[in-house]
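Each chain, letter by letter, is given below.
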Amino acid sequence: MSVSSRMEESSLLCLLFLISLLSCSTNQARLTVSPSRSQFFKGGFVSLSCEEDDSSAGWTLRRNTSKQQRTQCGDGWGEEAGSFCNISYTDPLDSGVYWCESREGAISNMVNLTVSGGSVILQSPVLPVMEGDDVTLLCQTKTTPSNLPAAFYKDGVFIGKEATGHMTIRHVSRSDEGLYKCDISGHGESPSSWITVTGKPTTTAPPGTTALSTTSSLPPDSSVLQLVIRLLIHLVVFCPYFISTLLMVSLYRHRASGNDLCASIPPTQPEQGWDMDEEYDDVTTEHHF
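Residues numbered from 1 in each chain as written. Predicted model: local features only at pLDDT ≥ 70, side-chain atom pairs only at ≥ 80, totals over all residues. Heavy atoms only, no water.

> Sorry, what's going on with the sheet that holds strand E12 (residues 135-141) here?
Think of a sheet as strands paired side by side through backbone hydrogen bonds, with each pair either parallel or antiparallel. Strand order in the open sheet formed by three strands is E10-E12-E15, with antiparallel pairing between adjacent strands. Because the sheet does not close on itself, it has two edges, and the strands there are strand E10 (120-123) and strand E15 (166-169). Neighbour to neighbour, the strand axes of the sheet diverge by 15° on average, direction disregarded. Bridging between E12 and E15 involves four bridges; their strand directions are antiparallel. Bridge assignment links Leu137 to a residue of E15, and that residue is Met167. (Pairing = 2+ DSSP bridges. Helix = DSSP H or I, 4+ residues; strand = E, 2+ residues; numbered from the N terminus. Axes fitted to C-alpha atoms, helices over the stretch in contact; angles between N-to-C directions.)

> Can you help me understand the packing of aromatic side chains in this one?
In this description, a pair of aromatic rings is defined by centroid distance and the angle of the planes. Within the structure shown, the criterion is met by two aromatic pairs. Judged by centre distance (5.7 Å) and plane angle (85°), the rings of Trp77 and Tyr98 are edge-to-face. With a gap of 21 residues between them, Trp77 in the loop between strand E5 (71-72) and strand E6 (79-81) and Tyr98 in strand E8 (residues 96-101) connect regions that are remote in the sequence. Consider the rings of Tyr153 and Phe158, whose centres lie 5.7 Å apart with planes at 65°: the pair is edge-to-face. The exposure class of Phe158 is partly exposed, given its relative accessible area of 48%. Across the ring face of Tyr153, the terminal group of Lys181 is positioned such that the distance to the ring centre comes to 5.8 Å. (Phe/Tyr/Trp six-rings, centres within 6.5 Å; stacked < 30°, edge-to-face > 60°. Buried < 20%, exposed > 50% of the residue type's maximum accessible area, 1.4 Å probe, protein only. Lys NZ or Arg CZ within 6 Å of the ring centre and 35° of its normal.)

> Can you walk me through the side chain of Glu101 in this structure?
Here Glu101 shows up in strand E8. Here Arg70 takes part through its side chain, which lies 2.6 Å from a polar atom of the side chain of Glu101. Ignoring any residue separated from it by four or fewer positions in sequence, one finds Glu101 in contact with Gly58, Trp59, Thr60, Arg62, Arg70, Ala106 and Ile107. (Polar contact = N/O pair within 3.5 Å; in protein donor to acceptor, adjacent residues only side chain to side chain. Contact = heavy atoms within 4.5 Å.)

> Would you mind going over the pattern of salt bridges with me for this structure?
For side chains of opposite charge, pairing can occur when their charged atoms come near one another. Tallying each qualifying case throughout the model produces seven salt bridges. Across the pair Glu51 and Arg30 runs a salt bridge, and its minimum N-O distance is 3.8 Å. Of this pair, Glu51 sits in strand E3 (residues 46-52) while Arg30 sits in strand E1 (residues 29-34), and the two are 21 residues apart along the sequence. By relative accessible area, Glu51 is classed as partly exposed at 43%. The closest approach of N and O atoms between Glu101 and Arg70, which form a salt bridge, is 2.6 Å. Within this pair, whereas Glu101 is found in strand E8, its partner Arg70 is found in the loop between strand E4 (60-65) and E5, the two being separated by 31 residues in sequence. Ionic contacts of the salt-bridge type, sharing partners, join the residues Arg62, Arg70 and Glu101 into one network. (Salt bridge = Lys/Arg side-chain N within 4 Å of Asp/Glu carboxyl O.)

Now the structure itself:
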């Protein structure tokens, strides 16, 4: 096989390999929550949606709670409204982990929602916070204004008291990750919620994909498990594409070998010793006048 043919084969192999990888990674979705917070009072309203890059993937909203595992919206909880799943009356039994899942088994980011039957909740970001941004925490009661003095805790350690019930963490870093809760004297304590801090992206990504690289609202151990599951899913999906790539390359090599064989056959040449002038003399009659 010639050098140019080998180069063409290598280029084709690389192109098909990249196409296969893209086919495995582009079908993604992002779970959003409205209102965008991680804690809700009993009897509240919450709407969840799977923002999908490819509607043909058939994304379904699922959840794990203390009572049920991998149930989907409409199966005893929530009401489907187009691409949204609405929980019109939240209950402590709705506390759990929510995510979007495609027909092929791919999963989106996961969010941890808590529904409190008490009188105090902590309003904190449900999605990861970008490193360097500011984060505002609000300690809220169910029946009174939200400007009551509140004490705030991180990982069970007191971190400050604010007279207005608001605490702002400036320029968050990885060290600010943890479990946060608050307490209002005379009203009670809120549940704890995990706040995740992610690093800023180093490369520019197409619109709608940046958030997918920072998609975890769970503690680090759960994030690692999620990444492992996603990797296994991508490997399973990749196998058919890889096999088809090998078949196409094999066919290309076979056809290229056939072309080289044809090119190696020299054109028909006159037999050695055959004299054109001699033949011309044999067929020419000399005339004398």
